[in-house]
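# Structural overview for review
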Amino acid sequence: MSKSPWHVNILTLFPEMFPGSLGQSLSGKALEKGLWSYDTVNMRDFGHGVHKAVDDTPFGGGAGMVLRADVLEDALLSLPHKAAKNIYMSPRGKPLTQNKVTELTKIPEITILCGRYEGVDQRLLDAHNFEEVSIGDYVLSGGEPAAIILMDACIRLLDGVMGNTQTPDEESFSNGLLEYPHYTKPASWTDSSGAQHDVPEVLTSGHHKKIAQWRKERSEAITKQNRPDLWEIHKNKEKSL
Ligand code: SAM
């Protein structure tokens, strides 16, 4: 097992889906540099019988198949040692937030279980203390894309990954608000219909205090419009200060 500062064990039926997009760009370079690492365990290798069956019908009836606890436990115990945290990607889990992402980057080794079919036998989750994490209120066909999203969000926060060129401090969610809009050169741009679009004047004024105030106001307005739930929390927090 590689000993990078942040390691992820991934239990999956589709190991070839990794590193996927994580092998490109920022996370890909960080992988090459050894700033993070991963191992996959193919749960199929622990399946039963000639067909290497990993699933069976649900007790109590109903559609679909359920991943077996005994098969998944064998896959989990094949890891050289127990990770500090076991996560099961699941639509019924607690939502993945920036706070959760930050928390996970502080754990040097985590194990992620990617479900398929109807999901996983509950007894496996209970016996091995899996925390269920959801990436949103929709149902994917498998946990692999969800694991990639969780890992992507974590990797960019790891030491040495972003360098000095980008900073997470002012990004969406870092202060409970969504981010303000960005503009770059040219300062005046004419679109394909002939309409001219100028950068908000304040941004070219060089007046740092005014720029900060403008950004704060835009940030608040965008949060209020797009995420009234976050805006409520932010307002209440400000009131209690
Ligand atoms: N029967 C499950 C339910 O209704 O909650 C959905 C199973 S889904 C078809 C198969 C697998 O995809 C799940 O076991 C889980 O690992 C993954 N998955 C689907 N949606 C997800 C989401 N929003 N967040 C995280 N993982 C998800």
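This one's a predicted model, so the numbers in the text were calculated from it and none came from an experiment.

### A few points about the packing of helix 3 (residues 98-105) against helix 5 (residues 144-155)
The packing of two helices is summarised by the inter-axis angle and the distance between the axes. It is at 9 Å that the axes of helix 3 and helix 5 come closest, and there the two elements cross at 75 degrees. Taken together, the axes of helix 3 and helix 5 lie roughly perpendicular to each other. Side by side, helix 3 and helix 5 meet where Val101, Leu104 and Thr105 of the first sit next to Leu150, Ala153 and Cys154 of the second. For the contact of helix 3 with helix 5, the per-class residue count stands at five nonpolar, one polar and no charged.

### Thoughts on the sheet that holds strand 6 (residues 109-114)
One open sheet holds the five strands; their spatial order is 2-1-6-5-7, and the pairing between them is parallel. Of all the strands in the sheet, just strand 2 (37-42) and strand 7 (130-134) have a single pairing partner and so form its edges. Averaged over all pairs of adjacent strands, the angle between their axes in this sheet comes to 30 degrees, without regard to strand direction. With five bridges connecting them, strand 1 (residues 7-12) and strand 6 associate as parallel partners. Bridge assignment links asparagine 9 to a residue of strand 6, and that residue is threonine 111.

About the cut-offs
Residues numbered from 1 in each chain as written. Predicted model: local features only at pLDDT ≥ 70, side-chain atom pairs only at ≥ 80, totals over all residues. Heavy atoms only, no water. Axes fitted to C-alpha atoms, helices over the stretch in contact; angles between N-to-C directions. Helix = DSSP H or I, 4+ residues; strand = E, 2+ residues; numbered from the N terminus. Parallel < 35°, antiparallel > 145°, perpendicular 65-115°, else oblique. Contact = heavy atoms within 4.5 Å. Nonpolar A, V, L, I, M, F, W, Y, C, P; charged D, E, K, R; others polar. Pairing = 2+ DSSP bridges.

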